[in-house]
Every structure is written in structure tokens, then in C-alpha cells.
Amino acid sequence: MDLLALADFNLVARHEGFGRAARAAARPKATLSRRVAELEAGLNLRLFERGGRVLKLTEEGRALYERTAALLTELDETASEIASGGHAPRGRLRISAPLLFSQTAMGKLAAGFALKYPQVQLEVTTEDRPVDMVEEGYDLVIRVNPDPDQNLVGRIFLRDRLVAVAAPGLARPSGDQTVPAVVRGGGDHAADWEVTLPTGRSRLAVAPVLRLSSMIMVRDAVRAGAGVARLPISLVSHDLASGALVHWGDVEGPEIALWTLYPSRRLLSARVSAFLAFLKEAFPMGTPDELAAFVAP
């Protein structure tokens, strides 16, 4: 197989069009079209559906792109390292991270990583939705309790847990009394929360009075006395220590685990390996206390 033609095919697939690929690479559009046609002829496969202004990968084309894009990137990186005579991480590193972790820790992490590896162009996108790493061009994603994915491998690098907290002025209910609650999003309709204290387990009957889209907003509303909330201990440990918030109990439920994920069919690049090592240095034990100390004001 002609590697140059394969590289041109990947270029066109990545930019979703011959024109955009030609402009991005400063190459003639006709040359790219000819090279892709030669590759299709050599494989006896149609790799693109050509119609109107839309250029779409066929099923075979998508399979070829997913299996070769990462390998070509590794070849380019290896050649660059050999040519430069060194093995320092370099090039663009694209990461997708969840909202709360980005708001509290990612800025500081990104700054430290950039200072340590100045030849890496780090790009972080904040979003909680699942992303397609191949389609959207991410090298690494950080997710909270992700669903299993046979196309990805990864590891847990941080653990956290939920606690019920409230402002000191909010009276804890007795009996079947309900207490105002601040919840994240619109999907939390639970009328009761199970919590654990040193004295034993108890049930809180709650009535949501605020539904907010981020944990930071929830914490701020709770600080202001709007109600009780379930929040990660790493986010409120300093408020608990200072007395700005009161601990109403540990919330029953699954552990919060932050994972780093990357494609299983791809050899780890020097950039990804460096970032994973950097996370390990920042959170050697992966405990909530480490995260709380890292994000402390």
C-alpha cells in the first residue's frame, strides 16, 4: 500500500473535503483527488461517497481511517523525534475534560504542564457529554464513571465521594419534615436522600427549591443558605473546615472515579504519556484530600 496515498486519504477524511484539505496542507486539490482515486483503485474499494457538496466516508473508508489515522500520526512523531535528535514531547495534545474538574483543577494543571513541556501545544475542551475520540480528534479524555467502551482503555487517577452539606443557619429537619434542597440539573427527583453519620444511617426528606447546571453554582447557593445539597467532598472540604458549611452526612451511592481514556488501538504518544505521568505527580494517591489540596484557594 502506498503510504503517501494513505496519508493523503487521511488528510481528506480529517478535513471532510478535498478543498478544505488542500487549503490546510497547501496542496493542489487535483493532486489529492488523484491520489485518493489511485488508493481506491489499488484497494478496489470506494472510500468516499461523492455527491453535490458533501463528501462522506463509506463504511470501508471509515474503517480504514479509524485504523490508520493513529498509526500515521505515530510515524510522523517518530520521524520528527529522530530528525530532531531528541525524545521530548512535542506537537498538539487535545484533551476533553468534564466541567467541574475543568473549573476547579484543569487551569492549574494545564499551566504546570505547559511550563514543563513548552513544545507541546495543549488544547483542553470542557464538556460532560461522551465524545468520539477518533471522529473529534482527541488524544485523551477525562471522564467521571464512564460507561465501558471496548474501543478505549484507561485508568482511574482520582477518587471522590459525595457528602450532604448545608449552611450553619439551616436547621436539620426532624422526623418526616422536608428540607429545601439545591440539586444539579433537572433529573434529580429523589424525595429522600440516604446519608451516613458516625451515629448511624438516616434519611433526609428533601424538596428541591433550586436546580442548577453546575456544581460550582450549587455550592455557592448552599453557602448562601438556599438549602442542603449533595456535593463532592473535594469541593467543600475547605468550607467544612472553616465552618462555612456543615456536614450533614456521607451520601450513600457509588464511588466517584475520574478516568483517563485513550484509544486502545493506538500506541501512546510521548505527549499522552507525559500528561498521564504529570497527573500521577499531581495526584500520587488519587484521594479526595489530594484534589482538595490542589484546588485550594
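As shown above, the structure is provided for reference.
These remarks concern the structure in this document. Every chain begins its residue count from 1, and numbering advances along the sequence as written. The predicted nature of this model means local features are confined to residues of pLDDT at least 70 and side-chain atom pairs, given and counted, to a pLDDT of 80 or more, with totals for whole chains, interfaces and linings taken over all residues. With hydrogens and water stripped out, all remaining heavy atoms of the structure feed into the side-chain values.

**Here we look at the packing of helix 1 (residues 3-15) against helix 3 (residues 29-43)**
- Look at helix 1 against helix 3: their axes get within 9 Å of each other, and the N-to-C directions meet at 115°. Between helix 1 and helix 3 the crossing geometry is left-handed. For the pair helix 1 and helix 3, contact is made by Leu-4, Ala-5, Leu-6, Asp-8, Phe-9, Leu-11 and Val-12 and by Leu-32, Arg-35, Val-36 and Leu-39, respectively.
- Amino acids outside the nonpolar list (Ala, Val, Leu, Ile, Met, Phe, Trp, Tyr, Cys, Pro) and the charged list (Asp, Glu, Lys, Arg) are all regarded as polar, and Gly is one of them. Of the residues contributing to the contact of helix 1 with helix 3, the split by class is nine nonpolar, no polar and two charged. Think of each axis as a best-fit line through the C-alpha atoms, taken over the contacting stretch in the case of a helix, with angles from 0 to 180 degrees between the N-to-C directions. Strands here mean DSSP runs of E at least two residues long; helices mean DSSP runs of H or I at least four residues long; both are numbered from the N terminus. Each crossing gets its hand from how the near helix is turned against the far one by less than a right angle, where anticlockwise is left-handed and clockwise is right-handed. Should any heavy atoms of two residues lie within 4.5 Å, those residues are counted as being in contact.

**Brief notes about the sheet that holds strand 5 (residues 140-144)**
- At least two DSSP bridges between two strands are needed for those strands to be called paired. In space, the five strands of this open sheet follow the order 4-3-5-13-6, with mixed pairing throughout. Bordering the open sheet on either side are strand 4 (120-126) and strand 6 (152-160), each of which pairs with just one other strand. Shown here is a sheet whose adjacent strand axes are inclined to one another by a mean of 20°, direction ignored.
- Sheet topology note: the strand 6/strand 13 (residues 256-263) ladder contains eight bridges and is antiparallel. Considered in strand 13, the bridge of Val-153 is made with Tyr-262.
- Each of strand 3 (91-97), strand 4, strand 5, strand 6 and strand 13 touches helix 5 (residues 99-116); the most contacted strand, strand 4, lies at about 175° to it.

**Considering the pairing of strand 10 (residues 200-212)**
- Alignment of strand 8 (residues 178-184) against strand 10, held across seven bridges, turns out to be parallel. Across the sheet, Pro-180 pairs through a bridge with Ala-207, a residue of strand 10.
- The sheet contact formed by strand 9 (residues 192-197) and strand 10 spans six bridges and is antiparallel. Opposite Trp-193, over in strand 10, you have Leu-204 as the bridge partner.
- If you look at the hairpin formed by strand 9 and strand 10, you'll find two residues sitting between the two strands.

**Notes on unusual backbone geometry**
- For Glu-16, which is not a glycine, the phi torsion comes out positive at approximately 60°.
- Looking at the secondary structure, you find Glu-16 in the loop between helix 1 and helix 2 (18-25).
- Although it is not a glycine, Asn-44 sits at a positive phi angle of roughly 60°.

**Some words on the sheet that holds strand 8**
- Strand order across the open sheet formed by six strands is 8-10-9-12-7-11, with mixed pairing between neighbours. This sheet does not close on itself; its edge strands, each paired only once, are strand 8 and strand 11 (229-232). This sheet shows a mean twist of 55° between the axes of neighbouring strands, independent of strand direction.
- Its contacts with the sheet put helix 8 (residues 233-242) on strand 7 (162-166), strand 11 and strand 12 (246-251), and the angle it makes with strand 11 is roughly 105°.

**Notes on the packing of aromatic side chains**
- Classification of ring pairs rests on two measures: the distance between centres of Phe, Tyr or Trp rings, Trp counted by its six-membered ring, which must be within 6.5 Å, and the angle between planes, read as stacked under 30 degrees, edge-to-face over 60 and tilted in between. Scanning all chains against the criterion turns up eight aromatic pairs.
- Both rings, one in Phe-113 and one in Phe-275, keep their centres 5.2 Å apart while their planes meet at 70°; by these two values the pair is edge-to-face. Residue Phe-113 is found in helix 5, and its partner Phe-275 is found in helix 9 (residues 270-282); the two are separated by 162 residues along the sequence.
- Between buried and exposed lies partly exposed: a residue is buried under 20% and exposed over 50% of the maximum accessible area for its type, with that area taken using a 1.4 Å probe on protein chains only. The class for Phe-275 is buried, based on a relative accessible area of 0%.
- Plain terms: the ring middles of Phe-113 and Phe-278 are 5.7 Å apart, the flat faces sit at 75° to each other, and that makes the pair edge-to-face. Separated by 165 residues along the polypeptide, Phe-113 in helix 5 and Phe-278 in helix 9 bring together distant segments of the chain.

**Describing the environment of Ala-167**
- Residue position: Ala-167 is located in the loop between strand 7 and strand 8.
- For the pair formed by Ala-167 and Thr-196, sequence separation is 29 residues and the distance between their alpha carbons is 18 Å.
- When near neighbours in sequence (up to four residues on either side) are disregarded, Ala-167 contacts Val-222, Arg-223, Gly-225, Ala-244, Leu-245 and Val-246.

**Overview of the pattern of salt bridges**
- Within this document, salt bridges are pairs made up of a side-chain nitrogen of Lys or Arg and a carboxyl oxygen of Asp or Glu, the two lying within 4 Å of each other. Scanning the model with the defined rule gives 18 salt bridges in all.
- Residues Arg-35 and Glu-38 are paired through a salt bridge, measuring 3.7 Å at the closest nitrogen-oxygen approach. With Arg-35 and Glu-38 both in helix 3, this residue pair falls three residues apart, about one helical turn.
- The closest approach of N and O atoms between Glu-136 and Arg-129, which form a salt bridge, is 2.6 Å.
- The partly exposed category is assigned to Glu-136, whose relative accessible area is 27%.
- Via salt bridges that share partners, Asp-8, Arg-27, Arg-34, Arg-35 and Glu-38 belong to a single interconnected network.

Nothing here speaks to function; it is all geometry.
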